[in-house]
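# Secondary and tertiary structure notes
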Amino acid sequence: VDGVMLYLSRPLLAACLYLLLPWGQGRTFGYNNGFHYQDISNGDGNGEIYFSGIRLLVESPQHLVSATRGSSVTLPCHYRYEPELTAPRRTRVKWSRLPAKAITTNEAFALETEVMVAMGNRHRSYGSFKGRVRLRRSAPGDMSLVINELQLNDTGRYRCEVIDGLEDESVTVELELRVGVVFPYHSQKGRYHLNFFGAQQACLDQDATLATFKQLLSAWEDGLDWCNAGWLADGTVQYPITAPRHGCGGESSAPGLRSYGPKNRLFHRFDAFCFSASMKGIVYHLNHPRRMNFTEAARACARDGGQVAKVGQLYAAWKLKGLDRCDAGWLADGSVRYPITNARANCGPSQPGVRSFGFPAPHMKFGVYCYR
């Protein structure tokens, strides 16, 4: 009132309203939300509010859930009352999500976005979750969220909030992708041309996301060695070294992740470390009688019912599905690469990996990797 804003909890607000409003003329205001606070004037007329002793509990047996891209996943959430009630109550449930990038970067003003709200048999889903989510309802109090066709950007911290009258309780469950591959990526302009936001977009354009520290560490443990520094999802800049050498932290330094720490996200420029997860489609080298320039390659994939594969898709097919082909081919970003799982003569270095020819001029002739 008069420019002053009061911040009150829901039960306290209700109590204040009861005590302050002039009901008068012997009129009795019977406030009863049937939950924590109950007006005993409904019984003896004293007009006092007391704590009923009933508690709403919202729980999850699993606070971290891992799943594969394209699969269905269930985020567990269950509510109950203490002591147990004899009659069912009308409750409302809301699932919301904080994206993984907001968690890893500790964004102070990041907002949770609604995924789904439900009351009784009525429900509504939002954004990219429309038509892909539902409540499991396998037992009384089960408000677990089922997500179908899991997408790369579905990861993050989910909140299950149960609302009963003036009371609400919640629990959080984190969702991560279990299987994937980390790969280094740089701009067509060359090394160290991406600020943080450019790195985010570059990974998204290649069907990937910026890798987290945990994902890069796991990739290093699997043997990733790369001497160019790249952005991670938390805004730090790091690179993985398994074989210490001059120019990569020094020959005398131990193997590990070299870190430049947090950098200015707008002005500092590096490469990116992207993370791509398993996919439902297939990546294949198109059987074609001749080599093609980039435009011809795109048309050839379209005639075959697909599209030119993205870098993240090629890496996922190599790492997760064993794609092995000693033929260089165009990719959607204009680069030319080929995947090798069984290293052999005339197919690059002695270690498995995705070989790169960089970004040749679009008129040059190569094969093509398609995605369908």
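Residues numbered from 1 in each chain as written. Predicted model: local features only at pLDDT ≥ 70, side-chain atom pairs only at ≥ 80, totals over all residues. Heavy atoms only, no water.

## Section: the state of the cysteines
What we call a disulfide is simply a covalent bond connecting the sulfur atoms of a pair of cysteines. Under the convention used in this document: What counts as a disulfide here is a pair of cysteine sulfur atoms lying within 2.5 Å. Put simply, DSSP marks the helices as runs of H or I at least four residues long and the strands as runs of E at least two long, and each gets a number from the N terminus on. To sort residues, take the accessible area from a 1.4 Å probe on protein chains only and compare it with the maximum for the residue type: under 20% means buried, over 50% means exposed, and anything in between is partly exposed.
Applying the stated criterion across every chain, the model contains five disulfides. Cys77 shares a disulfide with Cys160; S-S distance 2.0 Å. Since a negative S-S torsion denotes a left-handed disulfide, the Cys77-Cys160 link at about -65° is left-handed. Here the residue Cys77 occupies a position in the loop between strand S5 (73-75) and strand S6 (78-82), and Cys160 occupies one in strand S12 (residues 156-164), the gap between them amounting to 83 residues. The exposure classification of Cys77 matches that of Cys160, with both residues buried.

## What about the nonpolar core?
Short version of the rule: Residues grouped as a nonpolar core are buried Ala, Val, Leu, Ile, Met, Phe, Trp, Tyr and Cys residues, joined through side-chain atoms within 4.5 Å. Between two residues, a contact is recorded if the distance between any of their heavy atoms is within 4.5 Å.
In terms of nonpolar packing, the biggest core is built from 90 residues, with Leu75, Trp95, Leu145 and Ile147 touching the most fellow members. The biggest single contributor to this core is helix H6 (residues 311-321), with six residues. Other than its neighbours up to four places away in sequence, Leu145 contacts Val73, Thr74, Leu75, Trp95, Val115, Met116, Val133, Arg134, Leu135 and Tyr158.

## Section: the sheet that holds strand S10 (residues 133-135)
For clarity, the threshold we go by: Think of it this way: DSSP has to see at least two bridges between two strands before they count as a pair. Each axis is a line fitted through C-alpha atoms, taken for helices only over the stretch in contact, and angles between the N-to-C directions span 0 to 180 degrees.
A sheet is described by the order of its strands in space; here three strands give the open sequence S5-S11-S10, paired in antiparallel fashion. Where the open sheet ends on each side, the last strands, each with one partner, are S5 and S10. Adjacent strand axes in the sheet meet at a mean angle of 25°, parallel and antiparallel pairs treated alike. Inspection of the sheet shows S10 paired to strand S11 (residues 145-147) by three bridges, in the antiparallel sense.

## Comments concerning helix H3 (residues 196-205)
We apply this condition: Arc, as used here, means the arc of the directions from the helix axis to the C-beta atoms. Whenever two N or O atoms come within 3.5 Å, that pair is a polar contact, provided that in protein one can donate a hydrogen and the other can accept it, and provided that, for residues adjacent in sequence, both atoms are side-chain atoms.
Regarding H3, the residues found buried are Phe196, Ala199, Gln200, Ala202 and Cys203. Buried residues of H3 fall within an arc of 165° about the axis and therefore sit on the same side. The residue sitting at the N-terminus of H3 and contributing the capping side-chain oxygen is Asn195; that oxygen lies 3.2 Å from the backbone nitrogen of Phe197. Once H3 finishes, Asp207 follows within two positions and takes phi at roughly 60°, a positive value.

## A word on the packing of aromatic side chains
Filter applied, for reference: The aromatic pairing rule takes the rings of Phe, Tyr and Trp, using the six-membered ring of Trp, and pairs them if the centres are within 6.5 Å, calling planes under 30 degrees apart stacked, those over 60 edge-to-face and the rest tilted.
Tallied over the full model, the rule gives 14 aromatic pairs. Between the aromatic rings of Phe129 and Tyr158, the centroid separation amounts to 6.3 Å while the plane-to-plane angle is 85°, which identifies the pairing as edge-to-face. Placement of Phe129 in the loop between strand S9 (122-125) and S10 and of Tyr158 in strand S12 is noted, with a sequence separation of 29 residues between them. By relative accessible area, Phe129 is classed as buried at 5%. With a centroid separation of 5.5 Å and an interplanar angle of 90°, the aromatic rings of Trp330 and Phe366 are classed as edge-to-face. Separated by 36 residues along the polypeptide, Trp330 in strand S22 (residues 329-330) and Phe366 in the loop between strand S24 (353-356) and strand S25 (367-371) bring together distant segments of the chain. Assessed through its relative accessible area of 10%, Phe366 is described here as buried. Through successive ring pairs, a cluster of aromatic residues spans Tyr192, Phe196, Phe197, Trp231, Tyr239, Tyr260 and Phe270.

## Digging into unusual backbone geometry
A cis amide bond, omega -5°, links Glu82 with the succeeding residue Pro83. Along the chain, Pro83 falls in the loop between S6 and strand S7 (92-99). A positive phi is found at Arg137, a non-glycine position, where the angle reads about 50°. Residue placement: Arg137 occurs in the loop between S10 and S11. Overall, the relative accessible area of 39% leaves Arg137 in the partly exposed class. In the Ramachandran plot, Asn346 falls in the positive-phi region, its phi being about 65° despite a non-glycine side chain. Mapped onto the fold, Asn346 is located in the loop between strand S23 (336-340) and S24. Looking at Asn346, the relative accessible area reads 78%, which means it is exposed.

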